[in-house]
Amino acid sequence: MTKYKTHLLVCGGTGCRASASDDIVENLKQELENKGLQDEVQVVMTGCFGFCEKGPIVKVSPDNTFYTQVKPEDVTEIIEEHIIKGRQVTRLLYKDPKKKETVADSKHMDFYKKQIRIALRNCGFIDPENLDEYIARDGYMALGKCLSEMSPKDVVDQIKESGLRGRGGGGFPTGLKWEIAAKNEADQKYVVCNADEGDPGAFMDRSILEGDPHAVLEAMAICAYSMGATKGLIYIRAEYPLAIKRLIIAIDQAREYGLLGKEILGTDFEFDIELRYGAGAFVCGEETSLIHSMEGLRGEPTIKPPYPAEKGYLGKPTNVNNVETYANIPIIINKGANWFNKIGTEKAKGTKVFALAGKINNVGLIEVPMGTTLREVIFEIGGGIKDGKKFKAVQTGGPSGGCLTEKHLDTPIDFDNLIAVGSMMGSGGMIVMDEDDCMVSMAKFYLEFTVEESCGKCSPCRIGNKRLHEVLEKITGGKGEMEDIQRLRNMSNVIKDTSLCGLGQTSPNPILSTLDNFYDEYLDHINDKKCHAGQCKDLMTYFVIEENCVGCTACARVCPVGAIAGEKKQSHFIDPSICIKCGACEERCKFDAIIVK
Amino acid sequence: MAKIKTLADLKKMREDLQSKVDLREKADSPESYVQIKVGMATSGIASGAKDVMDFMIEALEKRNVEAVVTQTGDMGYCFAEPTIEVKKPGEDPIVFGYVNIQKADEIIEKYIKLGELVEGIIPVNYQVIDDK
């Protein structure tokens, strides 16, 4: 076996691949060969490093240099300078925006300092398409430990004691779920992995599957052992081609090694996994809909009980967990429940992965212990708000969640705290908004999403959300009345109380939480017909400031609808009845003579 | 690939494979290992630094010394090439000059393993900005 002296880890997540990290790998290999270094330096394509803002990432081991925003053409310089001469390529190092200094390794970057990586432990570390590297990192040892030293009940007890709760949104105790599924007797039981990640902006499940697929397979096998199942299914959306590809490779390798199939590790335990593709319907993240979709039926929910643990896939007891939940299992078994339950808060143990998006400097994927405050996440790890603007709100929990403001920044993040302040954990999407974002429009955006994604089975969700959306359209369109606020509240409460599944039960949350936190903004839209963030076009008017206008006619020439009139070298005028508020004139004017109000 | 039949097989396989990724694991916490930097500038390479580095990596692994060997640029002691810097956990780094394979062997056996100083130490005559 060749002993490599240096490893070059290149991010192979979807984000970095979109920025040509494939080519970087190719060029690196080529360049190493040109220099005759292919036996000394290993190039590894790994899963996501999380720091997507600065991708593609190339990390050099063992000296731990962290190169950001690498382009395929930078490869020659990296090899010649770093690998051959041992000098870091300074221009590719990360620059701390606050201190204006370059930081050579990830350990000293604010982005990584506060993170603890449990679910993402192998992402950005191993080659996800190589089972050997997973085994080198204690892969399948947890399964081995369960099969040889633990009874199924011991496994359930460990998970219960660890305090792990479902990472898909609801936060239901995982051990309890396993226990119920284990108690229900049947000739066949199923273990299902919910990889139907649908919240706008959330991509942690995809990254885990792309970066560490075996962790999920191993966890599913452990779950199967604990409840007496022999079949596993992963329900994954077809829009995740790379995750699907790596899962298929992983399943094949695990079968080849005998880690899936019959007589696993010399015991009589058998387990195998198949993939089921979803067409990308949001409601299929709800477990009963997901099961129906896998059965070939329409992706619609049914009333619980019966819970899937009693009657799930094909009417048999089924355990459904989310990808991130599974990714925590092997390490809990290896290190013990008491290791895990020391991390986090009293009621929420372990860590949570968040996807940072929106107006934040460090867009990416992070994993922090439960109980970390929003301020730490947004301002320390996330690097604060883009372009020095002012923080306004952060939306958590996707379309089911709510928004949190300045006054919530010091709330320690866990399931219960977020619900107490009117939002929820959800799957971990965090969309950060600044002063230029209109909260009424934000609520409207999420309602648009739920209207689109409602399966239509129950009327509160199908009709109610549509009506809510119409009221928001009316308000943002400048036709709102004070009664509309009461209407929104009443309908929201009815929809929450009467909808069949989680989609409808939570869909009014963005409205209710913006009403609570940004009531004045609704009043501005309704009473003053003003949107101070400048996002609601119908509430804006473009004006020419006469004193500033020199009559250059630039605006009139750029206006696509001919709404601007005026003689040369004389002040111009915008006809509001023709103006479509595209903003082209404002952009073109060199004299600041056009403003929006 | 043959199937893994027992947990013992899996454990054995893990032991064999671990060396493939331990370089990356050590990189995450280099301060807890012996860190060795080999000066690999033109003058270092010309005097055989590359052979020394290869030897150190192999020898340390064979002798079960947990260490991270990296290359670095010119340390400025061109008269004494090849030069290497050795930093044991919690101790100040020491620079050795005129390191050939024999010397490297001596450094591992005496300084790294037993903490005895060997000849060829170059007194550090500069500060780095990190110290200030």
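Computed from a predicted structure; not experimentally measured.

Draft legend 1. Quick peek at helix α18 (residues 459-476) of chain A. All names here are of chain A. For α18, which comprises 18 residues, the first-to-last C-alpha distance of 25 Å matches the rise-based estimate of 26 Å (1.5 Å per residue) to within 8%. Taken together, the buried positions of α18 are Pro-460, Cys-461, Gly-464, Asn-465, Leu-468, His-469, Val-471, Leu-472, Ile-475 and Thr-476. Viewed end-on, α18 has its buried residues packed into an arc of 160 degrees, placing them on one side of the element. Looking at the buried side of α18, the elements it contacts are α17 (439-453), α19 (483-498), α20 (502-506), α21 (509-517) and α22 (519-526).

Draft legend 2. The arrangement of the pattern of salt bridges in detail. Scanning the model with the defined rule gives 52 salt bridges over all chains in all. Residue Lys-35 of chain A pairs with Glu-31 of chain A through a salt bridge whose shortest N-O separation is 3.3 Å. For Glu-31 of chain A, a relative accessible area of 12% puts it in the buried group. When the shortest N-O distance is used, the salt bridge between Lys-177 of chain A and Glu-287 of chain A registers 3.4 Å. In this pair, Lys-177 of chain A sits in helix α8 (residues 174-183) while Glu-287 of chain A sits in helix α12 (residues 287-294), placing the two residues 110 residues apart along the sequence. One salt-bridge network, held together by shared partners, links Lys-5 and Glu-40 of chain A together with Lys-50 and Asp-54 of chain B.

Draft legend 3. A look at the pairing of strand β1 (residues 34-39) of chain B. Residues and elements named next belong to chain B. Pairing of β1 with strand β2 (residues 67-72), which is carried by six bridges, proceeds in the parallel orientation. In the sheet register, Lys-37 faces β2, and the bridge partner there is Thr-70. Relative to strand β3 (residues 84-87), β1 runs antiparallel, the two sharing four bridges. Its bridge partner lying in β3, Lys-37 is registered against Glu-85.

Draft legend 4. Representation of helix α3 (residues 49-62) of chain B in the model. All names here are of chain B. End to end, α3 covers 20 Å across 14 residues, agreeing with the expected 20 Å (1.5 Å per residue, within 8%). Residues of α3 that are buried include every one of Ala-49, Val-52, Met-53, Phe-55, Met-56, Ile-57, Ala-59 and Leu-60, and no others. On its buried face, α3 is in contact with β1, α2 (42-46), β2, β3 and α4 (101-114). Count one or two residues on from α3 and you reach Asn-64, which has phi positive near 55 degrees.

Draft legend 5. Representation of the packing of aromatic side chains in the model. Residues and elements named next belong to chain A. Evaluated as defined, the whole model comprises 15 aromatic pairs over all chains. With a centroid separation of 5.3 Å and 65 degrees between ring planes, the pair formed by Phe-51 and Tyr-94 is classed as edge-to-face. Placement of Phe-51 in the loop between β2 (41-46) and β3 (58-61) and of Tyr-94 in strand β5 (residues 94-95) is noted, with a sequence separation of 43 residues between them. Note on Tyr-94: relative accessible area 5%, which makes it buried.

Draft legend 6. Spotlight on empty space enclosed by the protein. All names here are of chain A. Throughout the structure, instances matching the rule amount to four cavities of 30 Å³ or more. The computed volume of the largest cavity comes to approximately 100 Å³. Contributing to the lining of the largest cavity are 15 residues, with Cys-549, Cys-552, Cys-555, Cys-589 and Ile-594 lying nearest its centre. Among the elements of the structure, α23 (554-558) and α24 (584-588) are those that each provide at least two residues to the lining of the largest cavity. Split by residue class, the lining of the largest cavity holds 11 nonpolar, three polar and one charged. What the second largest cavity holds in volume is close to 80 Å³. In this structure, the second largest cavity is lined by 14 residues; those nearest its centre are Cys-559, Cys-579, Lys-581, Cys-582 and Cys-585. Taken together, the residues of the lining of the second largest cavity sort by class into 12 nonpolar, one polar and one charged.

Draft legend 7. Molecular detail of the interface of chain A and chain B. Taken residue by residue, the interface counts 44 residues in chain A and 38 residues in chain B. Here chain A and chain B share an interface that buries about 3,300 Å² over both sides, 58% of which is from carbon and sulfur atoms. Ionic pairing is found between Lys-50 of chain B and Glu-40 of chain A, a salt bridge with its closest N-O pair at 2.9 Å. The interface formed by chain A and chain B contains 12 residue pairs in polar contact (both at pLDDT 80 or more). Looking at the side of chain A that touches chain B residue by residue, the class counts come to 16 nonpolar, 13 polar and 15 charged.

Parameters at a glance
- Residues numbered from 1 in each chain as written.
- Chains lettered and ligands numbered in written order.
- Predicted model: local features only at pLDDT ≥ 70, side-chain atom pairs only at ≥ 80, totals over all residues.
- Heavy atoms only, no water.
- Helix = DSSP H or I, 4+ residues; strand = E, 2+ residues; numbered from the N terminus.
- Expected span 1.5 Å × (residues − 1).
- Buried < 20%, exposed > 50% of the residue type's maximum accessible area, 1.4 Å probe, protein only.
- Arc of directions from axis to C-beta.
- Contact = heavy atoms within 4.5 Å.
- Salt bridge = Lys/Arg side-chain N within 4 Å of Asp/Glu carboxyl O.
- Pairing = 2+ DSSP bridges.
- Phe/Tyr/Trp six-rings, centres within 6.5 Å; stacked < 30°, edge-to-face > 60°.
- 1 Å grid on protein atoms, 1.4 Å probe; cavity = no way out; pocket = protein on both sides within 12 Å on 5 of 7 lines; lining within 4 Å.
- Points joined across faces, edges and corners; volume = space filled by probe spheres on them.
- Nonpolar A, V, L, I, M, F, W, Y, C, P; charged D, E, K, R; others polar.
- Buried area = accessible area lost by both parts, 1.4 Å probe.
- Polar contact = N/O pair within 3.5 Å; in protein donor to acceptor, adjacent residues only side chain to side chain.

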